[in-house]
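Reading the structure
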Amino acid sequence: MANQVLFNKTQVYEVGGATTVSVSVTIGDGQVGGSSVVWRGATVAQGEVAGLHVDNSGGSLTGELLLCTTAVRDINPATNHTAVTYELGGGSTDQSFTYSIDVSEPGGTAIYAITFVFI
Amino acid sequence: MSSISYRSGGGRASRWIVALVAAAALAGTASAQENSGGDVPAYNTIRTPASPAFVLLGLEPSSVERPNTPADLALTVLNSTAALTSLPKNFALEASPFWLVSHPEITWQSDAGVRDPLTSMARTTTVSVATAQIGTSALPVTGLSAGLRTSIFSGALSDSTRARLLAAEANLGGQSAIFNSFLATKRGPADSALQAAIRAAGGDQQKIAVAVAAHEAAIRSLGAAVLADPAYQAAIAHEQEKLGDLSVDREGFFLDLALASAWQYPNDQLDSGSILRWGVWLTPSWNHEHFSVTAVLRYTGDGVHGANDEMDLGARLLYSAASFAISGEYVNRSRPNASGAVARYRLAGIFDYEMKKGIWVSATFGRDYGAPSGGATLLARLGLSLNVSSSRSVGEP
């Protein structure tokens, strides 16, 4: 099994009074990846994530957790860098969060485990 | 060993006829993977060398420094030169300047099409540096070479590669879901504690920051435990097996350029250094699926005896399948600065067969250049290549 490295982050996102948040995930450094998004205990997206909307049936989002996991496979022979950008919108401001980690060997996999906590 | 002189015009015509017949008979097409630097060994590589500095110094280094970041590069240089006080000994380094830093904005989709020349050169340029002891124990001489390689044109992702990468996205989404499912069985208390702390914080940013840091540390520990879980590893191994080796192939028109120069320093004295040789390679090629056509213009300059400068002009046709490759090449070699020098040529057919994954048998037959004074030599080789490095076959970025 190609070695996996883990990057995890718990990130605050201010939603203000928003009742819907959008999520998009971009894999950088010319690598390939896929995500799995868990919202309120259920998987709501898998694979490519672009413009996903999550809500609380019209209720407040404060205190809710959005779990975004992305597996990135190193396919770029020129670098072991991986980078994933999570774009969240609909809250107080639209924000992009970019995280990076190097795989441990060519062809390795990086697992990004990001927990967005809405406040 | 036959000795054939090709001084007459009639001889030149028959040489071209032989070349055309041989090329047609061999029916070579180039593998899309040849550009990928893949598993097919290259006993008679006609392509621009990946590391021209190594080639110019006649090196096949067993250990090559490949720094991944500017800090790595600086540290490597400082360590090998004793803080810039001496020439490095038996040192080999290769780096891609563009990729020393992360580029989060570059997705594989945005890089799938034909690149403009500037973008292509930026993303494919590598620099190589090497040193070696090329003298004797009585007269030590340090050789130092530096080279640069770039692709002015580097094709586009093949349709099959695009399809594989789209499938890989789905597969990796599945791998993410597996990680989530394993982590879900453990993370409940940490998540609950975070949510309770957020509610209790009442907007106090410092308390929120403390709660976030604690949650992050907890998930890091739980995540590491998941990665080490044999059940998780088995589940992931199954998915990775379905993913297979991701071979990223680019096809279309390529134009590769390489430059390199080597110097010699007797007794490690910088003041006594002189140029040893230099080289320029220009390789246009066209790749499509199993076929490729490659031409080469190669000039090697002798820094000591200009009459020994050599210019090669040639072409290669290659066809490759999953486990074999057939190619034919013709290269004309001349010495433009040597009066009375006879142009020589090499005409070879090469067959490579993968007996087992990573183990290639290569057979080469044809006519080699022969001595500069004239004549030709029979070329017949049978070789075994063991690919002990990563089995990944990937294309040039």
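What comes next concerns the included structure. (Residues numbered from 1 in each chain as written. Chains lettered and ligands numbered in written order. Predicted model: local features only at pLDDT ≥ 70, side-chain atom pairs only at ≥ 80, totals over all residues. Heavy atoms only, no water.)

Our next topic: the overall build of chain B. Across its full length, chain B holds eight helices and eleven strands. Counting all 397 residues of chain B, 46% fall into the buried class. If you take every contact in chain B between residues at least 6 apart in sequence, the share linking residues at least 24 apart comes to 66%. By element, 63% of the accessible surface of chain B is carried by carbon and sulfur atoms, the whole surface being about 18800 Å². (Helix = DSSP H or I, 4+ residues; strand = E, 2+ residues; numbered from the N terminus. Buried < 20%, exposed > 50% of the residue type's maximum accessible area, 1.4 Å probe, protein only. Contact = heavy atoms within 4.5 Å. Areas by Shrake-Rupley, 256 points an atom, 1.4 Å probe, with all protein chains shown as cover.)

All names here are of chain B. The strand order 1-2-3-4-5-6-7-8-9-10-11 describes an open sheet built from eleven strands, whose pairing is antiparallel. Of all strands in the sheet, those bounded by a partner on one side alone are strand 1 (92–95) and strand 11 (377–386). Between one strand and the next, the sheet's axes are offset by a mean angle of 15°, whatever the strand orientation. (Pairing = 2+ DSSP bridges. Axes fitted to C-alpha atoms, helices over the stretch in contact; angles between N-to-C directions.)

The next point concerns the interface of chain B and chain A. Interfaces are often sized by the accessible area lost when the parts come together. In this assembly, 51 residues from chain B lie in contact with 53 residues from chain A. Counting the surface lost from both chain B and chain A, the interface buries some 4100 Å², and carbon and sulfur atoms represent 60% of this. Linking chain B with chain A are one salt bridge, by the criterion used here. Between Lys9(A) and Glu216(B) there is a salt bridge, with its nearest N and O atoms 3.8 Å apart. One can count 19 residue pairs in polar contact (both at pLDDT 80 or more) joining chain B with chain A. The leading source of residues in the side of chain B that touches chain A is helix 6 (residues 159–201) of chain B, at 16 residues. Broken down by class, the residue content of the side of chain B that touches chain A amounts to 26 nonpolar, 18 polar and seven charged. (Buried area = accessible area lost by both parts, 1.4 Å probe. Salt bridge = Lys/Arg side-chain N within 4 Å of Asp/Glu carboxyl O. Polar contact = N/O pair within 3.5 Å; in protein donor to acceptor, adjacent residues only side chain to side chain. Nonpolar A, V, L, I, M, F, W, Y, C, P; charged D, E, K, R; others polar.)

Here we take up the environment of Leu276(B). All names here are of chain B. Relative to the elements of secondary structure, Leu 276 occurs in strand 5 (residues 274–288). Along the sequence, Leu 276 and Ala 338 sit 62 residues apart, while their C-alpha atoms lie 18 Å from each other. Setting aside anything within four residues of it in sequence, one finds Leu 276 in contact with Ile 134, Ala 262, Trp 263, Gln 264, Gly 301, Asp 302, Gly 303 and Val 304.

All right, on to the packing of helix 6 of chain B against helix 8 (residues 230–243) of chain B then. All names here are of chain B. Across the interface, helix 6 lies against helix 8 with an axial gap of 10 Å and an inter-helix angle of 175°. In terms of orientation, helix 6 and helix 8 fall into the roughly antiparallel class. Seen from helix 6, the contacting residues are Ala 168, Asn 171, Leu 172, Gln 175, Ile 178, Phe 179 and Phe 182; seen from helix 8, they are Ala 231, Tyr 232, Ala 235, Ile 236, Glu 239, Gln 240, Lys 242 and Leu 243. Here the residues of the contact of helix 6 with helix 8 are counted per class, giving ten nonpolar, three polar and two charged. (Parallel < 35°, antiparallel > 145°, perpendicular 65-115°, else oblique.)

Before going further, it helps to spend a moment on helix 5 (residues 117–124) of chain B. Residue and element names in this part refer to chain B. Residues of helix 5 that are buried: Ser 120, Arg 123 and Thr 124. Viewed along the axis of helix 5, the buried residues span an arc of 90°, placing them on a single side of the element. Looking at the buried positions of helix 5, the neighbouring elements they touch are strand 2 (126–133) and strand 3 (141–157). The N-terminus of helix 5 is capped by Asp 116, whose side-chain oxygen sits 3.1 Å from the backbone nitrogen of Leu 118. (Arc of directions from axis to C-beta.)

Moving on, we come to the sheet that holds strand 9 (residues 109–118) of chain A. Residue and element names in this part refer to chain A. Strand order in the open sheet made by the five strands is 1-9-6-3-4, with mixed pairing throughout. For this open sheet the edge positions go to strand 1 (4–13) and strand 4 (42–47), each flanked by a neighbour on one side alone. This sheet shows a mean twist of 15° between the axes of neighbouring strands, independent of strand direction. Here five bridges tie strand 3 (residues 32–39) to strand 4, and the two strands are oriented antiparallel to one another.

Moving on to the pairing of strand 6 (residues 291–302) of chain B. Residues and elements named next belong to chain B. Pairing analysis gives ten bridges linking strand 5 to strand 6, with the strands arranged antiparallel. From the neighbouring strand, Leu 282 faces strand 6, where its bridge partner is Leu 297. Bridge count for strand 6 against strand 7 (residues 310–320) is ten bridges, and the pairing is antiparallel. Across the sheet, Val 296 pairs through a bridge with Gly 314, a residue of strand 7.

Residues and elements named next belong to chain A. Counted according to the given criterion, the structure contains 17 aromatic pairs over all chains. Arranged with centres 6.5 Å apart and planes meeting at 85°, the rings of Tyr 13 and Phe 97 form a pair that is edge-to-face. One end of the pair, Tyr 13, is in strand 1; the other, Phe 97, is in strand 8 (residues 95–102), with 84 residues separating them in the sequence. There is no split in this pair, since Tyr 13 and Phe 97 are both buried. (Phe/Tyr/Trp six-rings, centres within 6.5 Å; stacked < 30°, edge-to-face > 60°.)

Turning to the pairing of strand 1 of chain A, a few remarks are in order. All names here are of chain A. With seven of ten residues buried, strand 1 is to be regarded as a mostly interior element. Pairing geometry for strand 1 and strand 9, over ten bridges, is parallel. Paired with Gln 11 across the bridge in strand 9 is Phe 116.

With that settled, the discussion passes to a nonpolar patch on the surface. Residues and elements named next belong to chain B. A cluster of nonpolar residues, Phe 351, Tyr 353, Met 355, Leu 384 and Leu 386, forms a patch on the protein surface that exposes about 520 Å² of accessible area. Sorting the residues of the nonpolar patch by element identifies strand 9 (344–356) and strand 11 as the ones contributing at least two each. By residue number, the principal contributor to the nonpolar patch is strand 9, which donates three residues. On the basis of relative accessibility, which here comes to 39%, the residue Tyr 353 falls in the partly exposed class. (Patch = residues over 30% accessible without salt bridge, like charges linked within 9 Å, V, L, I, M, F, W, Y side chains within 5 Å.)

All right, on to the environment of Val15(A) then. Residues and elements named next belong to chain A. With respect to the helices and strands, the residue Val 15 is situated in the loop between strand 1 and strand 2 (20–27). Residue Val 15 is classed as buried on the basis of its relative accessible area of 1%. Between the alpha carbons of Val 15 and Gly 91 there is a distance of 3.8 Å; along the sequence they are 76 residues apart. In this structure Val 15 touches Val 21, Leu 61, Thr 62, Gly 91, Ser 92, Phe 118 and Ile 119, once residues within four positions along its chain are discounted.

So, on to the packing of helix 6 of chain B against helix 7 (residues 205–228) of chain B. All names here are of chain B. Between helix 6 and helix 7, the shortest axis-to-axis distance is 9 Å and the interhelical angle comes to 170°. As summarised for this structure, helix 6 and helix 7 are arranged roughly antiparallel, according to the angle between their axes. For the pair helix 6 and helix 7, contact is made by Phe 179, Phe 182, Leu 183, Lys 186, Arg 187, Ala 190, Asp 191, Leu 194, Ala 197, Ile 198 and Ala 201 and by Lys 207, Ile 208, Ala 211, Val 212, His 215, Ala 218, Ile 219, Leu 222, Gly 223, Val 226 and Leu 227, respectively. Of the residues belonging to the contact of helix 6 with helix 7, the class tally is 16 nonpolar, two polar and four charged.

Any functional reading would require information beyond the geometric quantities listed.
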